[in-house]
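A closer look at the structure
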Amino acid sequence: MATLLVKNIGTLQTPVGSYAHKGKEQGENLKLHNAAILAEDGIIKAITSDGQLPCREEEVDSVIDAEGNLLTPGLVEGHTHMIFGGYRQNEIPLKLKGAGYLDILRAGGGIMDTVRKTREATAEELYEKTEGFLDEMMSLGVTTCEAKSGYGIDLETEVKMLEVLKKLNEEHPMDIVSTFMPAHVVEEQWKGREAEFIKLCCEEWMPYVKERDLAEFIDIFTEDSVFNAEESKIYLERARELGYGLKIHADEIEAIGGSVLAGEMKAKSAEHLIVIDDAGMASLAKGGTVAMLLPGTSFYLGATFAPARRMIDEFGVPVAMASDFNPGSCPSLNLQFVMNLGYLKYRMTPEEILTAVTINPAAGINREKTVGTLEVGKQADMVIWNAPNMEMLCYRFGSNLALQTIKKGILV
Ligand code: NIG
Ligand code: FE
């Protein structure tokens, strides 16, 4: 039995409860002062405050002194495209000349460029590159993350990506939740025949991936010039039938019905939602769908920011924030920067922000029972910050304030 005691925690701050928090509750965190936390075999055994210790220091295998700093749950990264070949810094000159994200995509670049490079990459190359990203994420405070396929868009490459993710989940301390996303872009040969491509995904690819237990979730890019709402519905219905959890990239650039559909289908999460309207927000609230907001993408694309305040205050939609890390629309995996944007651009409070990077994304990836809060019985995933409180984390940007990341009771 391995035991760890973290003592001298200035403030232990965490949301409470193993479910997605919405409305007023999104802004409610437990704050314990002069706290300590005991982990046994990777699980939280006891939490104490006001200078009390849950056990004697001599009784445990290791002791970490938090030196009066802030401790929170490990961050949960709910949305990434972190496995890909190459990069896309070569798009910069086009963008400087005024080309937009969809212009580059329509011209056969953008996501298609990454698809070509991902097809060329070997599984070993992808493993090594993605492992580096996981290490970087952990150093920034992330202890659980989601990762999508979607740069293969042929079965062979999609499976290659998902197999690499599965291996990394087994071999790297990060918990990885995999999402199958073959409907990420329309390849030239399928243009005008999108319905046929969707049929191929539904009839052959989805069962193939499910039988091999390679992905828990399915995702689709519902967008102008990509897949429409009707195609998305057929795709998601089949996925649900096969036992996948549902995700949908909706209302990123044009609102074409994606968020309404996400709520109607009770998707676990709806992604982006930059241009969502009232009908979309009402539908998400009704469906209990987590709004997975990606402010780093708004920042990088020079787009507007999703109406997070209205989602929380007027519609009671549980709001999560994630990086969307990918080579095209958000080449950053820094969830701390996302927290800064949550404050500066969404005008969320530090407490709402903590909820949005812990329990709410955990609920969006079906991990709310095991991670996302610091409570007895949950995984001992936590971060000691070079900060006295959450305000400091929302305010300082561009530095890594994570001092120590602890995963399942082990310092990583
Ligand atoms: O979520 N919108 C679709 N997919 C990604 C971008 C992928 C890329 O540009 O490579 C996103 O932003
Ligand atoms: Fe995305």
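Everything in this summary refers to the structure shown in the same document. (Residues numbered from 1 in each chain as written. Chains lettered and ligands numbered in written order. Predicted model: local features only at pLDDT ≥ 70, side-chain atom pairs only at ≥ 80, totals over all residues. Heavy atoms only, no water.)

**Thoughts on the packing of aromatic side chains**
For the structure on display, the rule yields 10 aromatic pairs. Judged by centre distance (5.5 Å) and plane angle (90°), the rings of Phe197 and Trp205 are edge-to-face. Here Phe197 matches Trp205 in class, with each residue buried. In textbook terms, an aromatic cluster arises when at least three aromatic residues are bridged by ring pairs, as seen for Phe84, Tyr87, Phe133, Tyr151 and Phe325. Cation over ring: Lys167 sits above Tyr127, and NZ or CZ is 4.8 Å from the ring centre. Positioned above the aromatic ring of Phe217 is the side chain of Lys247, whose terminal nitrogen or guanidinium carbon lies 4.5 Å from the ring centre. (Phe/Tyr/Trp six-rings, centres within 6.5 Å; stacked < 30°, edge-to-face > 60°. Buried < 20%, exposed > 50% of the residue type's maximum accessible area, 1.4 Å probe, protein only. Lys NZ or Arg CZ within 6 Å of the ring centre and 35° of its normal.)

**A closer look at a nonpolar patch on the surface**
Taken together, the side chains of Ile92, Leu96, Phe299 and Tyr300 define a hydrophobic patch exposed on the protein surface, amounting to about 440 Å² of accessible area. Among the elements of the structure, α1 (92-96) and α10 (295-301) are those that each provide at least two residues to the nonpolar patch. (Patch = residues over 30% accessible without salt bridge, like charges linked within 9 Å, V, L, I, M, F, W, Y side chains within 5 Å. Areas by Shrake-Rupley, 256 points an atom, 1.4 Å probe, with all protein chains shown as cover. Salt bridge = Lys/Arg side-chain N within 4 Å of Asp/Glu carboxyl O. Helix = DSSP H or I, 4+ residues; strand = E, 2+ residues; numbered from the N terminus.)

**Some points on helix α3 (residues 111-120)**
Those residues of α3 not exposed but buried are Ile111, Met112, Asp113, Thr114, Val115 and Thr118. Those residues of α3 that are buried lie in contact with α2 (101-106), α4 (123-139) and α5 (155-171). (Contact = heavy atoms within 4.5 Å.)

**A look at the environment of Thr72**
As for its placement among the helices and strands, Thr72 is situated in strand β5 (residues 70-73). Residue class for Thr72 comes out buried when judged on its relative accessible area of 0%. With near-sequence residues (within four places) excluded, Thr72 lies in contact with Gln13, Leu354, Leu374, Asp381, Met382, Val383, Trp385 and Met390. A polar contact is formed between the side chain of Thr72 and the side chain of Trp385, at a distance of 2.8 Å. (Polar contact = N/O pair within 3.5 Å; in protein donor to acceptor, adjacent residues only side chain to side chain.)

**Some words on the sheet that holds strand β13 (residues 319-321)**
One open sheet holds the eight strands; their spatial order is β6-β7-β8-β9-β10-β11-β12-β13, and the pairing between them is parallel. Only two strands of the sheet have a single partner each, and these edge strands are β6 (75-77) and β13. Taking each pair of neighbouring strands and ignoring which way they run, the sheet shows an average axis angle of 25°. With three bridges connecting them, strand β11 (residues 269-272) and strand β12 (residues 290-293) associate as parallel partners. Residue pairing for β12: Ala270 is matched across the bridge by Ala291. This element, helix α7 (residues 229-241), spans β8 (175-183), β9 (217-220) and β10 (245-250) of the sheet and lies at about 175° to β9. (Pairing = 2+ DSSP bridges. Axes fitted to C-alpha atoms, helices over the stretch in contact; angles between N-to-C directions.)

**Some remarks on the pairing of strand β2 (residues 30-40)**
Relative to β2, strand β1 (residues 3-14) runs antiparallel, the two sharing nine bridges. The residue bridging Leu5 from the neighbouring strand is Leu38, located in β2. Direction of pairing for β2 relative to strand β3 (residues 43-48): antiparallel, over a ladder of five bridges. Residue pairing in the sheet places Leu38 in a bridge with Ala46 of β3.

**Remarks on the packing of α5 against helix α6 (residues 194-211)**
Where α5 contacts α6, the two axes come as close as 11 Å, and the packing angle between them is 25°. By the angle between their directions, the pair α5 and α6 is classed as roughly parallel. Crossing of α5 against α6: the hand is right-handed. Here Leu155, Val159 and Leu162 of α5 lie close against α6, whose contacting residues are Trp205, Tyr208 and Val209. Residue composition of the contact of α5 with α6, grouped by class: six nonpolar, no polar and no charged. (Parallel < 35°, antiparallel > 145°, perpendicular 65-115°, else oblique. Left-handed = near helix turned anticlockwise from the far one by under 90°. Nonpolar A, V, L, I, M, F, W, Y, C, P; charged D, E, K, R; others polar.)

**Examining the coordination of the iron ion (ligand 2)**
The textbook angles at a metal center are 109.5 degrees for a tetrahedron of four donors and 90 or 180 degrees for an octahedron of six. For the iron ion (ligand 2), the full set of protein donor atoms is His79 (NE2), His81 (NE2), His249 (NE2) and Asp324 (OD), and the range of their distances to it is 2.1 to 2.3 Å. Of note, the donors binding the iron ion (ligand 2) are all from one chain and are spaced H-x1-H-x167-H-x74-D. In this pair, His79 sits in the loop between β6 and α1 while His249 sits in strand β10, placing the two residues 170 residues apart along the sequence. (Donors = N, O, S within 2.8 Å, 3.2 Å for Na, K, Ca; no water.)

**Some details on the state of the cysteines**
This model, assessed by the stated rule, comprises zero disulfides. In this model Cys145 remains outside any disulfide bridge; the closest cysteine sulfur is found in Cys330, 14 Å from its own. Owing to a relative accessible area of 0%, Cys145 belongs among the buried residues under this scheme. (Disulfide = S-S within 2.5 Å.)

**Notes on the packing of helix α9 (residues 278-287) against helix α11 (residues 308-315)**
Axis separation between α9 and α11 bottoms out at 11 Å; the angle between their running directions is 55°. Between α9 and α11, the crossing angle belongs to the class labelled oblique. At the point where α9 passes α11, the crossing takes the right-handed sense. Here Asp278, Met281, Ala282 and Ala285 of α9 come into contact with α11, specifically with Arg310, Met311 and Phe315. Taken together, the residues that form the contact of α9 with α11 break down as five nonpolar, no polar and two charged.

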